[in-house]
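What the coordinates show
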Amino acid sequence: KENQSYMRILIISLLAVVILFFSICASIINNALTAKIRESKKEIGTLRAVGASVKEITNSYVRQLISMFSWGCGVGFISYILTHIIFNKSLEITFEIWPAIIICVLLFSMCSLNLYLKIRKEMKNSIVDNIREL
C-alpha cells in the first residue's frame, strides 16, 4: 500500500509538471503568433486591399505555425530518442512515444484554434481601417 501511495503521488506530480510545461508552450506559441499578427496589421490591410483573400492570409499564418511545431516537435522527439538510447543501458526505461504525440497534437489544435480566432478578429476590421494605419 505504501508503494502504491508513493506511485500515485509520483504520477500526480509528473502530470502536474506536464500540464505546467504544456501551458508554458501554448502561451509562448500563442504570444509569438499574436505579436506577428499585431505587427503586420498594415501588411494585412494592404494585402486585403489588393485582393488577397482571407484564406490565403490564414494559410500563411498556419504555415508559420506548422513550421514552429515541426522544429519544436522534431527537436523534442530526437532528444527523447537520444535520451532513451543513452539511459536505457543503465536503467530499464520503457519507450512510449504515444503520450508525447498526443500532447503535441493537442497543443497544435489549441494553438490553431487561437490562431484562427485572432485572424478572424483581425479580418473583421475593414480594409479601409487597416489601410488608415499605414
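Residues numbered from 1 in each chain as written. Predicted model: local features only at pLDDT ≥ 70, side-chain atom pairs only at ≥ 80, totals over all residues. Heavy atoms only, no water.

**Side note on helix H2 (residues 41–49)**
Looking at H2, one finds that the buried residues are Ile-44, Gly-45 and Arg-48. An end-on view of H2 places all buried positions within 100 degrees of arc, on one side of the element. Phi for Gly-51, located one or two positions after H2, is positive at around 110 degrees. (Buried < 20%, exposed > 50% of the residue type's maximum accessible area, 1.4 Å probe, protein only. Helix = DSSP H or I, 4+ residues; strand = E, 2+ residues; numbered from the N terminus. Arc of directions from axis to C-beta.)

**Thoughts on the packing of aromatic side chains**
Enumeration according to the criterion identifies one aromatic pair in this entry. Geometrically, the ring pair formed by Phe-69 and Phe-108 is edge-to-face, given 5.1 Å between the ring centres and 85 degrees between the ring planes. With Phe-69 in helix H3 (residues 54–87) and Phe-108 in helix H4 (residues 98–124), the pair connects residues that are 39 residues apart, well separated along the chain. (Phe/Tyr/Trp six-rings, centres within 6.5 Å; stacked < 30°, edge-to-face > 60°.)

**A closer look at the nonpolar core**
Judged by nonpolar contacts, the single largest core of 16 residues is most densely connected at Ile-29, Tyr-61, Leu-65, Phe-69, Leu-107 and Leu-115. For this core, the secondary-structure elements that each account for two or more residues are helix H1 (2–39), H3 and H4. Look past the residues within four positions of Tyr-61 in its chain and what remains in contact with it is Lys-36, Ile-37, Ser-40, Ile-44, Leu-115 and Ile-119. (Core = buried A, V, L, I, M, F, W, Y, C linked by side-chain atoms within 4.5 Å. Contact = heavy atoms within 4.5 Å.)

**Some thoughts on the packing of H3 against H4**
Each packed pair of helices is defined by two parameters, the angle between the axes and the distance between the axes. Direction vectors running N to C along H3 and H4 enclose 155 degrees, while the axes themselves pass 10 Å from each other. With respect to H4, the axis of H3 lies roughly antiparallel. The handedness of the crossing between H3 and H4 comes out as right-handed. Seen from H3, the contacting residues are Val-54, Ile-57, Thr-58, Tyr-61, Val-62, Leu-65, Ile-66, Phe-69, Cys-73 and Phe-77; seen from H4, they are Ala-100, Ile-101, Cys-104, Leu-107, Phe-108, Cys-111, Ser-112, Leu-115, Ile-119 and Met-123. Each residue belonging to the contact of H3 with H4 can be placed in one class, and the counts come to 18 nonpolar, two polar and no charged. (Axes fitted to C-alpha atoms, helices over the stretch in contact; angles between N-to-C directions. Parallel < 35°, antiparallel > 145°, perpendicular 65-115°, else oblique. Left-handed = near helix turned anticlockwise from the far one by under 90°. Nonpolar A, V, L, I, M, F, W, Y, C, P; charged D, E, K, R; others polar.)

**Considerations on the state of the cysteines**
With the rule as written, the count across this model stands at zero disulfides. No disulfide involves Cys-73; its nearest neighbouring cysteine sulfur is the one of Cys-104, lying 3.2 Å away. Take Cys-73: its relative accessible area is 18%, and that puts it in the buried class. Unpaired in terms of disulfides, Cys-111 finds its nearest cysteine sulfur in Cys-25, a separation of 8.7 Å. For Cys-111, a relative accessible area of 0% puts it in the buried group. (Disulfide = S-S within 2.5 Å.)

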